Amino acid sequence: MSKQFKVGLIALFSGAILYWGFNFLKGTDFFSPTNRYYVIYDNVDGLNKSNPVIINGLAVGRVSAIHLMQARENAILVELDIDEDIVLGESTQASLSNTDFLGSKGIILTIGDITKPLTPGDTLVPIVDKGLNEIIESATPVANNLNTTITRVNEILIGLKGSGEKINSTIGELEQMIIGVNGMIADNQRGIAEIVASTAVLVNNVNDKVEQLDPLLQKSNGVLDSLNNLELQRTLSGVDTVLFTLNETLQAFKESDGTLGKLINEDSMYNNINKLLIDLDKMVIHFDQYPKDFLKPLGRKNKKLKGSTTEE
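Residues numbered from 1 in each chain as written. Predicted model: local features only at pLDDT ≥ 70, side-chain atom pairs only at ≥ 80, totals over all residues. Heavy atoms only, no water.

Chemist: Hey, could you run me through unusual backbone geometry in this one?
Modeler: Most peptide bonds are trans, and most residues other than glycine sit at a negative phi. Backbone geometry places Ser50, a non-glycine residue, at a positive phi of 75°. On the secondary structure map, Ser50 appears in the loop between strand S1 (34-41) and strand S2 (52-55). Note on Ser50: relative accessible area 12%, which makes it buried. Phi is positive for Asn74, close to 60°, though the residue is something other than glycine. Position of Asn74 among the secondary structure elements: in the loop between strand S3 (58-69) and strand S4 (75-83). (Helix = DSSP H or I, 4+ residues; strand = E, 2+ residues; numbered from the N terminus. Buried < 20%, exposed > 50% of the residue type's maximum accessible area, 1.4 Å probe, protein only.)

Next up, the structure:
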């Protein structure tokens, strides 16, 4: 072999080793068989080739290619090479997410029901997680409210800056008042004890009175029981009989057969009584004017009486 051939062979071998090592560092394993699946996204948001495909934190494949599909409104087709021994279910979800805090992208798989497995070349369900910027934007109103709250608290603290002496003075006065109350209690401790003892005696007396009232209450209960046992139904029946009799009496008054009924319902007796009263009144007047006609033993003769009446 010539030196040129040896140098070219070494360069070719070194290039192959360099290419294999570079892809190995990116997660590509040329000696491990893979299955290819597809995912269609509206926006890949910074996803690149060779980004990892992860299941529960374990890298099981990589992004092999990314294509723009202009015929489908510029959708993005992503090819995933996943280890051949990984079984994916029909409902497997491919979530485009950040794999670290720096914003590196990756595909996180959520394996579905493996009783209905997918075949290589099938399309997975696409999901796009919110990025860090979206999270920060959604947290912006909260940050603004927090900033407003901190500003108000700061204003309150500034307003209370000159109130420290007043607060200390108030606390001092409160301490003096507590000391005074304690002293008053100490000075009147004996009187308080006497009041408590008097209260205890009063409570005992009240208890004794209540015990004395207990027999009376029992007797009252007996009286109430006796009242409850009265024959109220018989009494009510008697009252009903009296009312019925009174009703019959009033009905008899209304009828015209009896004397009272005729007096009430007919006017003939009224007219006769009225005429009797008029004649009696005339007789009284005549007696008052001519008492001799009534006081003489035999009275006047009927003719003279008529004549005097005619003259008048």
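Chemist: Sorry if this is basic, but what is going on with the nonpolar core here?
Modeler: Note on soluble globular proteins: their nonpolar side chains tend to be buried together. If you look at the biggest cluster of nonpolar residues, it comprises 20 residues, and the most contacted ones within it are Tyr41, Val78, Leu80, Ile82, Ile107, Leu109 and Leu124. At the level of elements, S1, S2, S3, S4, strand S5 (93-98) and strand S6 (105-110) are the ones that each hand at least two residues to this core. Element by element, the count of residues in this core is highest for S4, at four residues. Not counting chain neighbours up to four residues away, the residues in contact with Leu124 comprise Tyr37, Tyr38, Val39, Leu80, Leu88, Thr92, Ala94, Leu109 and Leu118. (Core = buried A, V, L, I, M, F, W, Y, C linked by side-chain atoms within 4.5 Å. Contact = heavy atoms within 4.5 Å.)

Chemist: What is the right way to look at the environment of Asp42 in this model?
Modeler: Among the structural elements, Asp42 can be located in the loop between S1 and S2. For the pair Asp42 and Leu77, spaced 35 residues apart in the sequence, the C-alpha separation amounts to 8.9 Å. Excluding residues within four positions of it along the chain, Asp42 makes contact with Asn74 and Ile76.

Chemist: Can you walk me through the pairing of S3 in this structure?
Modeler: As a general feature of sheets, a regular strand has side chains that alternate between the two faces. In this sheet, S3 lies alongside S2 in antiparallel orientation, the contact comprising four bridges. Along S3, the bridge assignment pairs Pro52 with Arg62. Between S2 and the antiparallel strand that follows it, S3, lie two residues; Asn56 among them carries a positive phi value of about 55°. One ladder, built from eight bridges, connects S3 with S4; its direction is antiparallel. If you follow Arg62 over to S4, its bridge partner there is Asp81. Linking S3 to S4, which pair antiparallel, is a turn of five residues; within it Glu73 sits at a positive phi near 60°. (Pairing = 2+ DSSP bridges.)

Chemist: Is there a simple way to think about the sheet that holds S5 in this case?
Modeler: Note on sheets: strands pair through backbone hydrogen bonds, and any given pair is parallel or antiparallel. A sheet is described by the order of its strands in space; here seven strands give the open sequence S1-S4-S3-S2-S6-S5-S7, paired in mixed fashion. Two strands bound the open sheet, and with one partner strand each, they are S1 and strand S7 (125-128). Shown here is a sheet whose adjacent strand axes are inclined to one another by a mean of 30°, direction ignored. In this sheet, S6 lies alongside S2 in parallel orientation, the contact comprising two bridges. When the sheet's bridge partners are listed, Val53 is paired in S6 with Ile107. (Axes fitted to C-alpha atoms, helices over the stretch in contact; angles between N-to-C directions.)

Chemist: Got a minute to help me understand the side chain of Asn51 in this structure?
Modeler: Along the chain, Asn51 falls in the loop between S1 and S2. Residue classification places Asn51 among the buried positions, given a relative accessible area of 16%. Engagement of the side chain of Asn51 in a polar contact is seen with the backbone nitrogen of Asn48, the distance being 2.6 Å. In contact with Asn51, other than residues within four places in its own chain, are Gly46, Gly61, Arg62, Val63 and Lys105. (Polar contact = N/O pair within 3.5 Å; in protein donor to acceptor, adjacent residues only side chain to side chain.)

Chemist: What is the right way to look at the pattern of salt bridges in this model?
Modeler: Close approach of charged atoms lets side chains of opposite charge pair. All chains considered together, the criterion is met by three salt bridges. Note that Asp81 and Arg36 form a salt bridge whose closest N and O atoms lie 2.9 Å from each other. On the criterion of sequence distance, the pair formed by Asp81 in strand S4 and Arg36 in strand S1 is long-range, its members being 45 residues apart. By relative accessible area, Asp81 is classed as buried at 9%. Here Lys105 ties to Asp45 by a salt bridge, and the two come within 3.1 Å at their closest N and O atoms. On the criterion of sequence distance, the pair formed by Lys105 in strand S6 and Asp45 in the loop between S1 and S2 is long-range, its members being 60 residues apart. Given the relative accessible area of 11%, Lys105 is considered buried. (Salt bridge = Lys/Arg side-chain N within 4 Å of Asp/Glu carboxyl O.)

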